[in-house]
Amino acid sequence: MAGIVVVFDFDSTIIECDSDNWVLDETGFTEKFYELLPTTLWNPLMDRMMGELHSEGKTIEEIVEILKRTPLNPRIVHAIEAAYSLGCDLKIVSDANMFFIETILKHHGVRNCFSEIIANPSYGVIIERIQNLLSTEGKKKFIYLGDGNGDFCPSLKLKENDYLMPRKYFPLSDLVSKDSNKIKAEVHGWKDGEELENILVHIINKEIEGNKINNNSTPKISIDCKLGSIPIMETTTYQPLPKALPVRH
C-alpha cells in the first residue's frame, strides 16, 4: 500500500455537474424545486421531489438511466483507477445523494475502488476522523480534491505534508486564494479531468518514490478495479507537474 488516502468530493469534482440538479433537469422538476426551496431545506426537499417523481410514474429504472447519462470526464475514471492500483485508499466525502453516487460509480466500473463513501457529512468532523485513522494505520499522506464552499473547512484540517487540489474557477479555489494563509497543505489547482489525472498521479508517484515504498517493480493500473492489473506501457506519459500554488503563512 502507498500509505496515501485520497478523498474526493463528488458533485463538480468527480462528475461535471450537481447530481441533484441533473436529475431535476432531466425529469422536468427544476422549476418546481426552486419554487419550494425558499421554505424548505435542500435535502428534505430533494427527498420530496423523489417521492413526487414516483407518484407521477417515474420508475427507479428510469432514474438509474438518467444517472448513467451524468457527464463524467473519462480521465477522471482513469485517475481513480490509477490511484487505486498504486495502492491508495480512496474515499468520497460529499453532500450528494448516496444512491446517486453509487449508481454513477457502478456504471463507470469504479465503485469498488472506494473503501468508503460518506454522504451528507459534517465535513470538518469527518476529515478529523479520517486523519485519526491515518495515524493509527501508519498512513502519512492525505490528498483532498474538491470544488465548493463546503470543501474549505476540511481544507483547513490538512497538514503541511498533505495536498489540496481545488478545482480552478470554482468557489473552493477562490476561498483558498483569499485565505491562503490558513492553508498548510501544498496546493495544486486543476481545471478538467486531464489536469486532475496528471497532477494526482504525479503526486502519488512522487510520494511513493520519496518514501521508497515501491519495490522497483513496474507500477500496475487496474482496468476496472475488480479484475486483474496491467503494466503501465512505456507510451503512457503525463505532463510535468505544475508548480504548487504559492500559499502565504
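Throughout, a residue's number is its position along its own chain's written sequence, starting from 1. Where local features are concerned, this predicted model is filtered to residues with pLDDT of at least 70; where side-chain atom pairs are given and counted, the filter is 80 or more; whole-chain, interface and lining totals use all residues. Excluded from the side-chain calculations are hydrogens and water; all other atoms, namely the structure's heavy atoms, are used.

1. Examining the pattern of salt bridges
At step 1: Only one rule defines a salt bridge in this text: a Lys or Arg side-chain nitrogen within 4 Å of an Asp or Glu carboxyl oxygen. Using the criterion set out here, one finds 12 salt bridges in the structure.
At step 2: With a closest N to O distance of 3.3 Å, Arg 48 and Glu 52 form a salt bridge. Here Arg 48 pairs with Glu 52, and both are found in helix α3 (residues 42-55), just four residues apart, close to one helical turn.
At step 3: Its relative accessible area of 43% is what places Arg 48 among the partly exposed residues.
At step 4: Where Glu 207 meets Lys 141, a salt bridge forms, and the shortest distance between an N and an O atom there is 3.6 Å. Here Glu 207, found in helix α10 (residues 193-210), pairs with Lys 141, found in strand β4 (residues 141-146); they are 66 residues apart in sequence, far enough to count as distant.
At step 5: A single network of salt bridges, built from pairs that share partners, joins Lys 32, Arg 48 and Glu 52. Each helix is a run of DSSP H or I of at least 4 residues and each strand a run of E of at least 2, with the numbering of both proceeding from the N terminus. For each residue, the accessible area found with a 1.4 Å probe, counting protein chains only, is set against the maximum for its type, and the residue is called buried under 20%, exposed over 50%, and partly exposed in between.

2. Structural notes on the packing of helix α1 (residues 19-27) against helix α4 (residues 60-68)
At step 1: With their axes 10 Å apart at the nearest point, α1 and α4 run at an angle of 115° to one another. Judged by the twist between their axes, the crossing of α1 over α4 is right-handed. Residues Trp 22, Val 23, Glu 26 and Thr 27 of α1 touch α4, and the partners they reach there are Ile 63, Ile 66 and Leu 67.
At step 2: Polarity classes work like this: nonpolar for Ala, Val, Leu, Ile, Met, Phe, Trp, Tyr, Cys and Pro, charged for Asp, Glu, Lys and Arg, and polar for all others, with Gly in that last group. Looking at the contact of α1 with α4 residue by residue, the classes come out as five nonpolar, one polar and one charged. The axes are straight lines fitted to the C-alpha atoms, using for helices just the contacting stretch, and the angles between their N-to-C directions are given from 0 to 180°. Helix crossings get a hand from a simple test, with the near helix turned counterclockwise from the far one by less than a right angle marking a left-handed crossing and a clockwise turn marking a right-handed one. In this analysis, two residues are considered to be in contact whenever any of their non-hydrogen atoms come within 4.5 Å of each other.

3. A closer look at the packing of aromatic side chains
At step 1: Each Phe, Tyr or Trp ring (for Trp, its six-membered ring) is paired with any other whose centre lies within 6.5 Å, and the angle between the two planes then decides the class: stacked below 30 degrees, edge-to-face above 60, tilted in between. Taken as a whole and judged by the stated rule, the model has five aromatic pairs.
At step 2: An aromatic cluster of three or more residues is present, and its members are Phe 33, Tyr 34 and Trp 42.

4. Brief notes about the UniProt feature "active site" (unreviewed entry) in the chain
At step 1: UniProt positions are given in the numbering used here, feature names are shortened, and annotations may be inferred rather than shown by experiment. UniProt marks Asp 9 and Asp 11 with the feature "active site" (unreviewed entry), using the numbering shown here.
At step 2: The class for Asp 9 is buried, based on a relative accessible area of 6%.
At step 3: Residue placement: Asp 11 occurs in the loop between β1 (4-8) and α1.
At step 4: Every residue in contact with Asp 11, bar those within four places of it in the chain, is listed here: Cys 17, Asp 18, Ser 19, Ser 94, Ala 96 and Asp 147.

5. Considering the sheet that holds strand β3 (residues 114-119)
At step 1: Strand pairing follows a simple DSSP-based rule, namely that at least 2 bridges must link the two strands. Sheet architecture is open: six strands sit in the order β3-β2-β1-β4-β5-β6, paired in parallel fashion. Edge positions in the sheet fall to β3 and β6 (186-187), since each of these pairs with one other strand and no more.
At step 2: Taken together, the five bridges between β1 and β4 define a ladder with parallel strand orientation. Note that in β4 the partner of Val 7 across the bridge is Tyr 144.
At step 3: Against the sheet, helix α6 (residues 98-107) makes contact with β2 (89-94) and β3, and its axis sits at roughly 150° relative to β3, the strand it touches most.
At step 4: Along the sheet, α10 contacts β1, β4, β5 (163-166) and β6; its crossing angle with β5, the most-contacted strand, is approximately 175°.

6. Some remarks on the environment of Leu 86
At step 1: Relative to the elements of secondary structure, Leu 86 occurs in the loop between α5 (74-85) and β2.
At step 2: Taking the C-alpha atoms as reference, Leu 86 lies 9.6 Å from Ile 4; in sequence the two are 82 residues apart.

7. Some details on the environment of Cys 17
At step 1: Looking at the secondary structure, you find Cys 17 in the loop between β1 and α1.
At step 2: Separated by 55 residues in the primary sequence, Cys 17 and Leu 72 have C-alpha atoms spaced 8.5 Å apart.

8. Brief notes about α1
At step 1: All buried positions along α1 are accounted for by Ser 19, Asp 20, Trp 22, Val 23, Leu 24 and Thr 27.
At step 2: Tucked inside the fold, the buried residues of α1 contact α2 (30-36), α3, α4 and α6.
At step 3: A 3.5 Å cut-off defines polar contacts: any pair of N or O atoms within that distance qualifies, except that in protein one atom must be a possible hydrogen donor and the other a possible acceptor, and neighbouring residues in sequence count only when both atoms are side-chain atoms. Regarding α1, its N-cap is Asp 18, as a side-chain oxygen of that residue lies 2.9 Å from the backbone nitrogen of Asp 20 further along.

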